Amino acid sequence: MTFDVEVNNLSLYYNDFAALNDLSFKLKGGKIHGLLGRNGAGKTSLLTLLASYRQATEGSIKIAGENPFENAGIMQHVAFHYETDYNDEWDTVKTILKHVERYRPYYDRDYALYLVNRFNLPLKKPINKLTRGMQSAFEITMGLASRAPVTIFDEIYLGMDAPAREIFYKEMLKDQAEHPRTIILSTHLVSEMDYLFDEVLMIDHGKFVLHEDYESLISKGASITGPKVEVDAFVDDLTLLNEKYLGNTKSVTIYGNLDDARRKAAQQKGLEVGPVSLQDLFIHLTSEGV
Amino acid sequence: MNQQSFSAKIARDMFGIQMKWSLWFLLFVLIAHIAMLIISAKTGNRVGDFLFFSHGSAKIYMLVIGILSTYAFMTFFIHNGLTRKDYFKGSALAAAGIAFAMTLIAAVLSLIEYLVLGVTHLPVSLNRSLTEIGIQVSGNSISAFLPKAIIGSSILVHSDSFMGTLFMYILNTLTYYVVGWLIGAGFYRFGWLIGLGFVAMSIVLVTIGDLLWGTKLGEPLSHWLAFDSLDLPLYGSLVGTIALIALMLWLIRLLTRDVMIKM
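Enquirer: It is not clear to me how the overall build of chain B should be interpreted in this structure. Could you clarify?
Expert: What chain B contains, in helices and strands, is 8 helices and 2 strands. Listing every helix and strand of chain B by position from the N terminus yields α-β-α-α-β-α-α-α-α-α. Every one of the 263 residues in chain B was classed for burial, and the buried ones make up 51%. Taking the intrachain contacts of chain B between residues at least 6 apart in sequence as the baseline, contacts between residues at least 24 apart amount to 80%.

Structure follows, in structure tokens:
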């Protein structure tokens, strides 16, 4: 089962400060959505609203067409996982998983145990004795095994080392292929996670920046590589995102669509045209003064 | 899954977890009580039966687990996709269940106590209707170290029917649980400063609760108020206490119905 998520004119104020300012977007069900934004952009604020952890100041949220707040029929299908403070949690992984099983209608016990093994989590150790990375892996285990139609991971990889994060990405893609749901991943690690996203939602200072599918977003720019002089001449009138040198070779990332004629011209000059990285676009679109 | 079954599930789960705590609590009280009985056998001082003995500390215990409710359970249940409303209903049911179960266990332990003492003819004199004087006489008993508000408010002081006593034990422990829950919910929603205001309010509510059962006011209050005790018939105390619990539950629901969940 997949749920669409629709947000209309959503605002959230902390006293006078607008944490979220008039956001509107629609996330299609069954896809993985990357939520990108710098520190303090309002990512977590937005996610707490989607998870009914709090109420918006203005605007509306519809999940599967209904207002989720205090709506038992929707809230049971929305799983929100984040860096949780487990200092006072003396229960074991096994005990907590049993509780989750009681409340999540699509929870898969065997799959949860499979993930526990993949992440090398001890079943019988109190959660507060686990390392930070293991606690994150435990959150991921709960989140994936619940198979909630709307699954939200907010910077969930904190404390996890690279191999463990790799396991997370692989297992998520594998399970998503078999049991599609609406997944929202908020992250800083853009370069590491970009291949996971079907769609990208970017916010900055609480405001909507863009919402596009990954492929069309990275076609909004290109990287041009070749001899320095040729490259400089070619990109003269384009917006540069990034420049790199290696000896006489220069690689430039540009922003803006490159039409077919230009692509051909580049190839004729012996320049290599490649895709732009989401990371470069992200930095460009959310840096100050843009 | 419909809403009814969610709150019933929460009630079952919270009852299970809190009952586990409660059994540990009762075990410790039982050990203390047995120690008191041994002392009493040697010194000849009178001691209250288990129902009486456990009543004061059971109220404080219920206050404490009531305070824990929002912090220990609400966040957890919302994290698992349940609504605040189901949490409220479920934990109210569980609290009533805990009060009922604790009373039942304390009553059974008291009956066993009478039975054992009756059969063994140990030189212990149990007292079910300890008066203020009774408490003063037992100078080396634990009750001498507890504030008067705790031990002196014992409902059993005024009771002469066993069933009536059980009813009062249930309602009294439940009142304290709900008072704790109210304090916890106040802190959860407003933070420590306004939370302290809820503590102050709770002292008033607890005092009203105790007054309903005929307890005399403590020294400072009796100077401020025109009366120092109420004399209500049993049904008056029952109805009054139920109304008090209902009022506090309503306040708790107001505090938690749209509260922001802590992360």
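From this point, things continue past the structure.
Enquirer: Before we go on, may I ask you to explain the overall build of chain A in this structure?
Expert: When helices and strands are tallied, chain A shows 11 helices and 13 strands. With the C-alpha coordinates of chain A rotated into their principal frame, the extents come out at 65 × 45 × 35 Å. Taking all 290 residues of chain A together, the buried fraction comes to 52%. Expressed as a percentage of contacts within chain A between residues at least 6 apart in sequence, the contacts between residues at least 24 apart total 69%. Here chain A has roughly 13100 Å² of accessible surface; of this, 48% comes from carbon and sulfur atoms. Of the side chains in chain A, 31 bear a positive and 41 a negative charge, and the two mean positions are spaced by 5 Å.

Enquirer: I keep staring at the packing of helix α3 (residues 93–103) of chain A against helix α5 (residues 132–146) of chain A and nothing clicks. Help me out?
Expert: Axes are the key here: two packed helices are described by the angle between their axes and the distance separating the axes. Residue and element names in this part refer to chain A. Closest axis-to-axis distance for the α3/α5 pair is 11 Å, and the angle between their directions is 30°. The orientation of α3 relative to α5 falls into the category roughly parallel. Considering how the two elements wind past one another, α3 and α5 form a crossing that is right-handed. For the pair α3 and α5, the contacting residues are Val93, Ile96, Leu97 and Val100 in the first and Phe138, Met142 and Ser146 in the second.

Enquirer: What is the right way to look at the sheet that holds strand β12 (residues 249–255) of chain A in this model?
Expert: Backbone hydrogen bonds hold the strands of a sheet together, and the pairing may be parallel or antiparallel. Residue and element names in this part refer to chain A. The strand order across the open sheet formed by 4 strands is β11-β12-β10-β13, and the pairing between neighbours is antiparallel. Whereas interior strands pair on both sides, the edge strands pair on one side only; in this sheet they are β11 (239–246) and β13 (272–275). The mean angle between the axes of side-by-side strands here comes to 20°, regardless of whether they run parallel or antiparallel. In this sheet, β12 lies alongside strand β10 (residues 221–227) in antiparallel orientation, the contact comprising 7 bridges.

Enquirer: Would you mind going over the packing of aromatic side chains with me for this structure?
Expert: Each aromatic ring pair is characterised by the separation of its centres together with the angle its planes make. Here the structure, examined in full by the defined rule, presents 19 aromatic pairs over all chains. Measuring from centroid to centroid gives 5.7 Å for phenylalanine 76 of chain B and phenylalanine 77 of chain B, while their planes differ by 70°, and the two rings are edge-to-face. Pairwise contacts between aromatic rings join Tyr103 of chain A together with Trp21, Phe73, Phe76 and Phe77 of chain B into one cluster. Over the face of the ring belonging to phenylalanine 234 of chain A we find arginine 262 of chain A, whose NZ or CZ atom lies 5.0 Å from the ring centre. Directly above the aromatic system of tyrosine 103 of chain A lies the positively charged group of lysine 9 of chain B, at a separation of 5.7 Å from the ring centroid.

Enquirer: When you look at the side chain of serine 11 of chain A in this model, what are you seeing that I'm missing?
Expert: Residue and element names in this part refer to chain A. If you trace the backbone, serine 11 turns up in strand β1 (residues 5–14). A residue is classified by how much of its surface remains accessible, and serine 11, at 2% relative accessible area, is buried. There is a polar contact of 2.9 Å between the side chain of serine 11 and the backbone nitrogen of aspartate 22. When neighbours within four sequence positions are excluded, serine 11 is seen to be in contact with Leu20, Asn21, Asp22, Ala56, Thr57 and Glu58.

Enquirer: Can you help me understand the sheet that holds strand β4 (residues 58–63) of chain A in this one?
Expert: Residues and elements named next belong to chain A. Strand order in this open sheet of 3 strands is β2-β1-β4, and the pairing throughout is antiparallel. Taken across any chain shown, the strands that pair with only one partner, and hence form the sheet edges, are β2 (17–27) and β4. Across the sheet, the mean angle from the axis of one strand to that of its neighbour is 20°, orientation sign disregarded. With 7 bridges joining them, β1 and β2 adopt antiparallel strand pairing. Paired with glutamate 6 across the bridge in β2 is lysine 26.

Enquirer: How should I be thinking about the pattern of salt bridges in this particular structure?
Expert: Note on pairing: side chains with opposite charge can pair once their charged atoms come close. Residues and elements named next belong to chain A. Taken as a whole, this structure holds 19 salt bridges over all chains when the rule is applied. When the shortest N-O distance is used, the salt bridge between lysine 220 and glutamate 212 registers 2.8 Å. Judged by its relative accessible area of 26%, lysine 220 is partly exposed. Ionic pairing is found between aspartate 237 and arginine 262, a salt bridge with its closest N-O pair at 3.2 Å. Of this pair, aspartate 237 sits in the loop between α9 (228–234) and β11 while arginine 262 sits in helix α10 (residues 260–268), placing them 25 residues apart in sequence. Linked by salt bridges that have partners in common, Asp108, Arg147, Asp175 and Arg181 make up one network.

Enquirer: Which parts of the structure should I look at to understand unusual backbone geometry?
Expert: Residue and element names in this part refer to chain A. Even without being glycine, asparagine 9 reaches a positive phi, approximately 50°. Among the structural elements, asparagine 9 can be located in strand β1. Overall, asparagine 9 belongs to the partly exposed group, its relative accessible area being 43%. Its identity as a non-glycine residue notwithstanding, glutamate 70 has a phi of 55°, on the positive side.

Enquirer: How should the domain arrangement of chain A be read in this particular structure?
Expert: Interface size is commonly expressed as the accessible area that is lost once the parts come together. All names here are of chain A. Along its sequence, chain A is carved into domain 1 (5–213) and domain 2 (220–285). The C-alpha-based centres of domain 1 and domain 2 are spaced at 35 Å. Taken together, the contact pairs 12 residues of domain 1 with 5 residues of domain 2. With both sides pooled, the region where domain 1 packs onto domain 2 buries about 760 Å², and carbon together with sulfur makes up 75% of that total. By the criterion of area lost to domain 2, the three top residues of domain 1 are Val190, Met202 and Glu212, representing 45% of everything that side buries. Where domain 1 meets domain 2, there are 1 salt bridge. At the surface where domain 1 touches domain 2, the tally comes to 2 residue pairs in polar contact (both at pLDDT 80 or more). Of all the elements, strand β9 (residues 207–213) adds the most residues to the side of domain 1 that touches domain 2, at 3 residues. Of the residues that constitute the side of domain 1 that touches domain 2, the class distribution is 7 nonpolar, 2 polar and 3 charged.

Enquirer: Hey, could you run me through α5 of chain A in this one?
Expert: In an α-helix there are 3.6 residues to a turn, and that puts residues three or four apart on one side. When the terminal C-alpha atoms of α5 of chain A are compared, their 21 Å separation across 15 residues agrees well with the 21 Å that a helix rising 1.5 Å per residue should span. Of the residues trailing α5 of chain A, arginine 147 of chain A is marked for its positive phi of about 50°.

Enquirer: Is there a simple way to think about the packing of helix α2 (residues 50–79) of chain B against helix α3 (residues 84–120) of chain B in this case?
Expert: All names here are of chain B. Two elements in contact, α2 and α3, have axes separated by 11 Å at closest approach and are oriented at 160°. The angle between α2 and α3 places the two elements in the roughly antiparallel class. Crossing of α2 over α3 shows right-handed handedness. Looking at the contact of α2 with α3 residue by residue, the class counts come to 18 nonpolar, 6 polar and 2 charged.

Quick notes on the rules
- Residue positions within a chain follow its written sequence, with the count starting from 1.
- Labels follow written order: the first chain is A, the first ligand is 1, and so on.
- Side-chain atom pairs in this predicted model are given and counted only at pLDDT of 80 or more, local residue features only at pLDDT of at least 70, and totals for whole chains, interfaces and linings cover all residues.
- Each side-chain value is derived from all of the structure's non-hydrogen atoms; neither hydrogens nor water enter the calculation.
- Strands are runs of DSSP state E lasting at least two residues, helices are runs of H or I lasting at least four, and both sets are numbered from the N terminus onward.
- The rule is simple: take the accessible area with a 1.4 Å probe, protein chains only, and divide by the maximum for that residue type; under 20% is buried, over 50% is exposed, in between is partly exposed.
- Should any heavy atoms of two residues lie within 4.5 Å, those residues are counted as being in contact.
- Note that accessible areas follow from Shrake-Rupley with a 1.4 Å probe, and for residues the cover is restricted to the protein chains shown.
- Under the counting rule used here, the positive set is Lys and Arg, the negative set is Asp and Glu, and His together with the chain ends is not counted.
- All charge positions are set by atom: Lys at NZ, Arg at CZ, Asp at CG, Glu at CD.
- Fitted lines through C-alpha atoms give the axes, limited to the stretch in contact for helices. The angle between two N-to-C directions lies from 0 to 180 degrees.
- To sort the angles, those under 35 degrees are grouped as roughly parallel, those over 145 as roughly antiparallel, those from 65 to 115 as roughly perpendicular, and the leftovers as oblique.
- In this scheme, a crossing is called left-handed if the near helix is turned counterclockwise away from the far one by less than a right angle; it is called right-handed if the turn is clockwise.
- One bridge is not enough; two strands pair if DSSP finds at least two bridges between them.
- Each aromatic pair joins two rings of Phe, Tyr and Trp (for Trp, the six-membered one) with centres within 6.5 Å, and gets the label stacked for planes under 30 degrees apart, edge-to-face for over 60, and tilted for any other angle.
- By definition here, charges over rings are those cases where NZ of Lys or CZ of Arg is within 6 Å of the ring centre and within 35 degrees of the ring normal.
- Residues adjacent in sequence count toward polar contacts only when both atoms are side-chain atoms; beyond that, a polar contact is any pair of N or O atoms within 3.5 Å, and within protein one must be able to donate a hydrogen and the other to accept it.
- Salt bridges are identified by distance alone: a Lys or Arg side-chain nitrogen within 4 Å of an Asp or Glu carboxyl oxygen.
- What fixes the domain bounds is an automatic or database domain assignment.
- Buried area: the sum, over both parts, of the accessible surface (1.4 Å probe) that disappears when the two are put together.
- Three classes are used, and their members are as follows: Ala, Val, Leu, Ile, Met, Phe, Trp, Tyr, Cys and Pro are nonpolar, Asp, Glu, Lys and Arg are charged, and the others, Gly among them, are polar.
- Helix span, expected: 1.5 Å multiplied by one less than the number of residues in the helix.

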